[in-house]
Amino acid sequence: MVSAIVFRSLLVKLIILLSALLCCAAVTKAADPPIDRSADLSIALQQRAETAVLATMVARLVAGAEYQEAENHLKDALQKRALSNDGLRVLEKVYYQLSTMEQLRAWNRWCAARPASHFPFLVRGMYFLERARVLDGANKSLLLSAQQRRDFNQFLLSGRADLEKAAELSELDPAPFAALTALSIHLKLPRADMEKWFQRAVDIDPGWLAAYRAKLLYLSPWWYGSDQMMEQFAMHCFNLESSDTSTYIVYLDYLKIRSDRLGRGLPAEQFLLAPETYRMMSIGLDRYLTDYPSSPALDIYLGLMGRSQAEPYVAIAAFSHTLENSPDDVESRKGRIRAYLKNRQFREAEADLVFLEQLQGETGFSRFHHGTIVFKTGQDLDRAHQLI
């Protein structure tokens, strides 16, 4: 079991990685049917490059003292509220990329030249917040030197001043309020303060995921909450309905964080196999795969499904128990099919697929897994490709 101190440090870094969505973990196996995702990958790389280009352009304009033009690009992105290929606002990713750039002198000149604009104070405030995150505030007395502790505290104080200034100057940008939500974790602010900043952010833009992720972290048992508080908030995010938001992703973040804490093995598998948890995870993963097939974070989330069936016998037993009482439970039926296939119990998987098609008719799921059986049993590969 990972110690609480070390895990809390890792948790901060995980949230940063998920917020930026800059990493990718491969979960496909050689025995699986070959699926061509080259088109999705091409789209992902193109959009990621476009976001980086916008951030770099703004940084260069600021460095060249072309402040108005830089702000016009940010203002345009703010007004468009475009979603990227991973569910985040494009501007959310641009701000993050700007915060990682070592251009403090340029940010200082920007703030001095444009005191009535919120953009320079926001970017500089997020820069300070990011520097604090890099130092990492988890148990500073053990992890940081005396100088690092002083730097950490100064980054937090400077970041708060800039972010509060940005919040005062603009009520149309959720980013200052989302960043203040994150800052409240490291400043050990009361929950009421965190809730105030969080609510301001989501009132402006209900789809700004950084605010939800910061609150999820605040409510974790490693900071100021509990497993129950974290789960309740994650379920709330899952159930929010809007065509312009993807807050259900926060529930997948919760599952990833909680299962990481439990470690690889039976405890994490049992957590993910709890009937309601598995149902919501399956729905969330299906939706994410549909909404964001080119997301660089796709394999991170799909890894949850693999972790839930790390020991297929355990998974089969759990799904079978649910199906004894609720034979029409579609998600449990699908889960047992996956577990049967992982355990190479192809006849049992085929029988469950037939039952599932009686409930739903032919679906993409049933066609794909029929094709998987044909492929793995070495039957007609052309037919397998047609089904898949």
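Residues numbered from 1 in each chain as written. Predicted model: local features only at pLDDT ≥ 70, side-chain atom pairs only at ≥ 80, totals over all residues. Heavy atoms only, no water.

Mind showing me how you'd approach the overall build of the protein here?
When helices and strands are counted, the protein shows 21 helices and 0 strands. Per-residue burial over the protein gives 51% buried out of 388 residues. Considering only intrachain contacts with a sequence separation of at least 6, the fraction spanning at least 24 residues in the protein is 66%. Carbon and sulfur atoms make up 54% of the accessible area of the protein, which amounts to about 17500 Å² in all. (Helix = DSSP H or I, 4+ residues; strand = E, 2+ residues; numbered from the N terminus. Buried < 20%, exposed > 50% of the residue type's maximum accessible area, 1.4 Å probe, protein only. Contact = heavy atoms within 4.5 Å. Areas by Shrake-Rupley, 256 points an atom, 1.4 Å probe, with all protein chains shown as cover.)

Is there a simple way to think about the environment of N153 in this case?
Of note, N153 is situated in helix α8 (residues 146–169). With relative accessibility at 38%, the residue N153 sits in the partly exposed group. Taking the C-alpha atoms as reference, N153 lies 8.7 Å from L187; in sequence the two are 34 residues apart.

Looking at this model, I keep getting lost on the confidence of the model for the protein. Mind explaining?
Should pLDDT be low for a region, the predicted coordinates there are not to be read in detail. Taken residue by residue, the protein gives an average pLDDT of 84. The fraction at 70 or more is 82%. Within the model, the stretch residues 137–141 combines pLDDT values under 50 with 14 contacts to residues more than four positions away or in other chains. (pLDDT = per-residue confidence, 0-100.)

Would you explain the packing of aromatic side chains in this entry?
The way to describe two aromatic rings as a pair is by their centre distance and the angle between their planes. Scanning the model with the defined rule gives 16 aromatic pairs in all. Centre to centre, the rings of Y212 and F233 are 6.5 Å apart; their planes meet at 20 degrees, and the pair counts as stacked. With Y212 in helix α11 (residues 209–218) and F233 in helix α12 (residues 227–239), this pair connects stretches of sequence that are 21 residues apart. Look at Y212 and you get buried, because its relative accessible area is 4%. Classification of F233 as buried rests on a relative accessible area of 6%. Measuring from ring centre to ring centre gives 6.1 Å for Y254 and F271, while their planes differ by 85 degrees; the resulting arrangement is edge-to-face. With a gap of 17 residues between them, Y254 in helix α13 (residues 248–262) and F271 in helix α14 (residues 266–273) connect regions that are remote in the sequence. A residue is classified by how much of its surface remains accessible, and Y254, at 0% relative accessible area, is buried. One residue, K196, lies across the ring of W197, its end atom 4.4 Å from the ring centre. (Phe/Tyr/Trp six-rings, centres within 6.5 Å; stacked < 30°, edge-to-face > 60°. Lys NZ or Arg CZ within 6 Å of the ring centre and 35° of its normal.)

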